Amino acid sequence: MSLNTDLILFVVLPYLAVALAVIVSAMRFFSNSFSFSSLSSQFLESGRLFWGSVAFHYGILVVLVGHLIALLIPSGVIAFSRVPVRLFLLEATGLAFGILALVGVVLLWQRRATVSRVRAVTSRWDLILLFLLLTQIATGVYTAVFHRWGLAWSVHTAVPYLWSLGSLSPNPELVAGLPLMVKLHIINAFALIAIIPFTRLVHFLVVPVWYLWRPYQLVVWNRRTTGPGR
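These notes cover the structure that comes with them.

How each quantity is defined
Residues numbered from 1 in each chain as written. Predicted model: local features only at pLDDT ≥ 70, side-chain atom pairs only at ≥ 80, totals over all residues. Heavy atoms only, no water. Helix = DSSP H or I, 4+ residues; strand = E, 2+ residues; numbered from the N terminus. Buried < 20%, exposed > 50% of the residue type's maximum accessible area, 1.4 Å probe, protein only. Contact = heavy atoms within 4.5 Å. Areas by Shrake-Rupley, 256 points an atom, 1.4 Å probe, with all protein chains shown as cover. 1 Å grid on protein atoms, 1.4 Å probe; cavity = no way out; pocket = protein on both sides within 12 Å on 5 of 7 lines; lining within 4 Å. Points joined across faces, edges and corners; volume = space filled by probe spheres on them. Axes fitted to C-alpha atoms, helices over the stretch in contact; angles between N-to-C directions. Parallel < 35°, antiparallel > 145°, perpendicular 65-115°, else oblique. Left-handed = near helix turned anticlockwise from the far one by under 90°. Nonpolar A, V, L, I, M, F, W, Y, C, P; charged D, E, K, R; others polar. Phe/Tyr/Trp six-rings, centres within 6.5 Å; stacked < 30°, edge-to-face > 60°. Lys NZ or Arg CZ within 6 Å of the ring centre and 35° of its normal. Core = buried A, V, L, I, M, F, W, Y, C linked by side-chain atoms within 4.5 Å. Salt bridge = Lys/Arg side-chain N within 4 Å of Asp/Glu carboxyl O. Patch = residues over 30% accessible without salt bridge, like charges linked within 9 Å, V, L, I, M, F, W, Y side chains within 5 Å.

Side note on the overall build of the chain
Logical step 1: When helices and strands are tallied, the chain shows ten helices and zero strands.
Logical step 2: Counting every position in the chain, which comprises 230 residues, the buried fraction comes to 33%.
Logical step 3: Expressed as a percentage of contacts within the chain between residues at least 6 apart in sequence, the contacts between residues at least 24 apart total 79%.
Logical step 4: Carbon together with sulfur atoms contributes 71% to the accessible area of the chain, which is approximately 14700 Å² in total.

As structure tokens, then:
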């Protein structure tokens, strides 16, 4: 990629994505707090939703925790992974849970595509979200398989790059030389951040303690009744 392309993808895009996510999420929360929900469609179909959702959430949770640990304490990760057996176990665990998350998101995609009642309430944003999630997890699994020992090399490339963004001194050169799939994984992650406030993914931003003080939600049931006086 050229220097201008690297600046757009690895400097401009990240800052725009984070700004969009923060500003639009805040606007949505304060203007329509009831929309901060996963908008569950379980009442339409629960079988495949259960298996897809469980696989996806457990898989992605472990993977995200691993990424977060590498980001926050890279020196500890380097020290821990110096022992080959430890590095192998960490890589194998990450790959296993990545595949689990991939299976989950494929099941969720299949459910929305094949269950007519669920497809009827599927929005364009739902499809975009599923596509980006599928791309993110697939590129992560691809990287784990074909660019092995990412735990060792990412703490010297991707992690310093993210810290450079956080310190407002971006250094795209740290990731410009990485393989194409790795760069796509990074770019797609920022695309996911950018669309958070427009999708059901927004629900993970809030812990539901605010239910304690928000107004009551009125639910009206309309059902037929029979018998005298009804």
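Structure's up, so let's keep going.
A look at the layout of surface pockets
Rolling a probe over the atoms, with the probe sized like a water molecule, indicates the empty space that remains.
Logical step 1: Considered as a void within the structure, the second largest pocket measures approximately 200 Å³ in volume.
Logical step 2: For the second largest pocket, the lining is made up of twelve residues, of which Pro14, Val18, Ala21, Val22 and Ile193 are closest to its centre.
Logical step 3: When contributions to the lining of the second largest pocket are tallied by element, the ones reaching two or more residues are helix H1 (3–31), helix H8 (158–166) and helix H10 (180–195).

Quick word on the packing of H1 against H10
Logical step 1: Orientation of H1 relative to H10, taken along the N-to-C sense of each, is 25 degrees, at an axis distance of 7 Å. With respect to their mutual orientation, H1 and H10 come out roughly parallel. Between H1 and H10 lies a crossing of left-handed hand. Along its contact with H1, which presents Leu9, Phe10, Leu13, Pro14, Ala17, Val18, Leu20 and Ala21, the element H10 presents Lys183, Ile186, Ile187, Phe190, Ile193 and Ala194.
Logical step 2: Split by residue class, the contact of H1 with H10 holds 13 nonpolar, no polar and one charged.

Details of the packing of aromatic side chains
Logical step 1: Tallied over the entire structure, the rule returns four aromatic pairs.
Logical step 2: Between Phe50 and Trp51 the ring centres are 5.1 Å apart and the planes differ by 80 degrees, which places this aromatic pair in the edge-to-face class.
Logical step 3: The exposure class assigned to Trp51 is exposed, which follows from its relative accessible area of 59%.
Logical step 4: Each ring, one from Tyr142 and one from Phe146, has its centre 4.5 Å from the other, and the planes form 35 degrees; the classification is tilted. Within this pair, Tyr142 and its partner Phe146 are both found in helix H6 (residues 124–146), separated by four residues, close to a single helical turn.
Logical step 5: Look at Phe146 and you get exposed, because its relative accessible area is 55%.
Logical step 6: The ring of Phe80 has Arg86 sitting right over it, with the charged end atom 4.8 Å from the ring centre.

Details of the environment of Ala55
Logical step 1: Inspection of the secondary structure assignment puts Ala55 in helix H2 (residues 47–72).
Logical step 2: In this structure the C-alpha to C-alpha distance between Ala55 and Leu100, which are 45 residues apart in sequence, comes to 5.6 Å.
Logical step 3: What Ala55 contacts, discounting residues up to four positions off in sequence, is Leu100, Ala101 and Gly104.

A few points about the nonpolar core
Logical step 1: Core analysis: the biggest nonpolar cluster contains 13 residues, and Phe56, Val105, Leu133, Ile137 and Leu192 have the highest contact counts within it.
Logical step 2: Considering every element that reaches this core, the biggest residue donor is H6, with six residues.
Logical step 3: For Ile137, the residues in contact, after removing those within four places along its chain, are Phe56, Ile60, Gly98, Ala101, Leu102 and Val105.

Things to note about the pattern of salt bridges
Pairing of side chains with opposite charge becomes possible as their charged atoms draw close.
Logical step 1: On inspection of all chains with the given rule, the structure shows two salt bridges.
Logical step 2: A salt bridge links Asp126 to Arg112, with the shortest nitrogen-to-oxygen separation between them at 4.0 Å. Taken as a pair, Asp126 in helix H6 and Arg112 in helix H4 (residues 84–114) lie far apart in primary sequence, 14 residues in all.
Logical step 3: Using a relative accessible area of 10% as the deciding quantity, one classes Arg112 as buried.
Logical step 4: Within this structure, Arg112, Asp126 and Arg200 form a network of salt bridges that share partners.

Some details on a nonpolar patch on the surface
Logical step 1: Residues Leu61, Val65, Leu68, Ile69, Leu72, Ile73 and Trp163 make up a contiguous nonpolar surface patch of about 680 Å² in total accessible area.
Logical step 2: Positionally, Ile73 belongs in the loop between H2 and helix H3 (74–80).
Logical step 3: Ile73 sits in the partly exposed class, given a relative accessible area of 48%.

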